Amino acid sequence: DRKYFTQIPNIIVNHSTAFEQSLYLTMKRYAGENGTCYLSLKFLSKKLGLHRKTITNTIEKLLKRDWIVEIEKKKVQGGQVRQFKIIDLWALNIKQYEASPKRSLSKKASPL
């Protein structure tokens, strides 16, 4: 677990399912500054309250979206687990939202 907080780009929140969001957030949270995560399916399943098959399918979706990449397996007590690098999506996020037209607040919607 890391200190303080974990930030994820809005592109993740706005363009993914709840399963993808929760798995990405959990992986990013544990990846820390070096950006790699090697949590077991058993751990992720328990942490997220999801079946292992759902975790596996969601990992495959994140891989296809190029939000994570698989790297060499990590040796752990009792064997090896898959290891993933969390891709830095901030530039893509900024590009996406700078290109979008800005919303203007009407007088009714204005917080003032």
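Residues numbered from 1 in each chain as written. Predicted model: local features only at pLDDT ≥ 70, side-chain atom pairs only at ≥ 80, totals over all residues. Heavy atoms only, no water.

A.B. asks: Would you mind showing me how to read the nonpolar core here?
C.D. replies: Residues Y24, M27, I59, L62 and I68 are the most contacted members of the largest nonpolar core, which totals 18 residues. Counting residues per element, the ones that place at least two in this core are helix 1 (10-14), helix 2 (18-31), helix 4 (52-64) and strand 3 (79-86). For M27, the residues in contact, after removing those within four places along its chain, are C37, L62, I68, F84 and I86. (Core = buried A, V, L, I, M, F, W, Y, C linked by side-chain atoms within 4.5 Å. Buried < 20%, exposed > 50% of the residue type's maximum accessible area, 1.4 Å probe, protein only. Helix = DSSP H or I, 4+ residues; strand = E, 2+ residues; numbered from the N terminus. Contact = heavy atoms within 4.5 Å.)

A.B. asks: Could you clarify how one ought to interpret the side chain of N93 in this entry?
C.D. replies: Mapped onto the secondary structure, N93 falls in helix 5 (residues 90-99). Once residues lying within four places of it in the same chain are set aside, the contact partners of N93 are P9, N10 and I11.

A.B. asks: In this structure, what is going on with the pairing of strand 3? I would like to understand it.
C.D. replies: The two faces of the sheet receive side chains in turn, since in a regular strand these alternate between them. Pairing of strand 1 (residues 36-37) with strand 3 involves 2 bridges; the strand directions are antiparallel. The partner of C37 across the bridge, within strand 3, is F84. Across 7 bridges, strand 2 (residues 68-76) lies against strand 3 in antiparallel orientation. Looking at strand 3, one finds that E70 is bridged to F84. (Pairing = 2+ DSSP bridges.)

A.B. asks: Before we go on, may I ask you to explain the pattern of salt bridges in this structure?
C.D. replies: Side-chain pairing between opposite charges can occur once the charged atoms of the two side chains come close. Tallied over the entire structure, the rule returns 3 salt bridges. Here E20 makes a salt bridge to R65, at a shortest N to O gap of 3.2 Å. Placement of E20 in helix 2 and of R65 in the loop between helix 4 and strand 2 is noted, with a sequence separation of 45 residues between them. Of the residues examined, E20 reaches a relative accessible area of 2% and is grouped as buried. (Salt bridge = Lys/Arg side-chain N within 4 Å of Asp/Glu carboxyl O.)

A.B. asks: What am I meant to see in the packing of aromatic side chains here?
C.D. replies: The geometry of an aromatic ring pair comes down to the distance between the two centres and the angle between the two planes. Summed over the entire model, instances satisfying the criterion amount to 2 aromatic pairs. For the ring pair Y24 and W67, a centre distance of 6.3 Å and an interplane angle of 75 degrees mean the geometry is edge-to-face. Pair noted here: Y24 is in helix 2 and W67 is in the loop between helix 4 and strand 2, with a separation of 43 residues, a long-range link. When sorted by exposure, Y24 lands in the same class as W67, which is buried. Residue placement shows K74 over the ring face of Y38; its charged tip is 5.0 Å from the ring centre. (Phe/Tyr/Trp six-rings, centres within 6.5 Å; stacked < 30°, edge-to-face > 60°. Lys NZ or Arg CZ within 6 Å of the ring centre and 35° of its normal.)

A.B. asks: Help me understand the environment of D66 in this model?
C.D. replies: Structurally, D66 can be placed in the loop between helix 4 and strand 2. Along the sequence, D66 and I86 sit 20 residues apart, while their C-alpha atoms lie 9.2 Å from each other.

A.B. asks: How should the sheet that holds strand 3 be read in this particular structure?
C.D. replies: Sheet strands line up and pair through hydrogen bonds in the backbone, either parallel or antiparallel. Taking strand neighbours across the sheet as the criterion, the 3 strands line up as 1-3-2 in an open arrangement whose pairing is antiparallel. Taken across any chain shown, the strands that pair with only one partner, and hence form the sheet edges, are strand 1 and strand 2. Contacting strand 1, strand 2 and strand 3, helix 2 crosses the sheet at an angle of about 95 degrees to strand 3. (Axes fitted to C-alpha atoms, helices over the stretch in contact; angles between N-to-C directions.)

A.B. asks: What should I look at first to understand the packing of helix 2 against helix 4 in this one?
C.D. replies: A packed helix pair is summarised by two numbers, namely the angle formed by the two axes and the spacing between the axes. The N-to-C vectors of helix 2 and helix 4 enclose an angle of 85 degrees; their axes lie 10 Å apart at closest approach. Here helix 4 runs roughly perpendicular to helix 2, going by the angle between their axes. Of the residues in helix 4, those in contact with F19, E20, L23, Y24 and M27 of helix 2 are T54, I55, T58, I59, K61 and L62. Taken together, the residues of the contact of helix 2 with helix 4 break down into 7 nonpolar, 2 polar and 2 charged. (Parallel < 35°, antiparallel > 145°, perpendicular 65-115°, else oblique. Nonpolar A, V, L, I, M, F, W, Y, C, P; charged D, E, K, R; others polar.)

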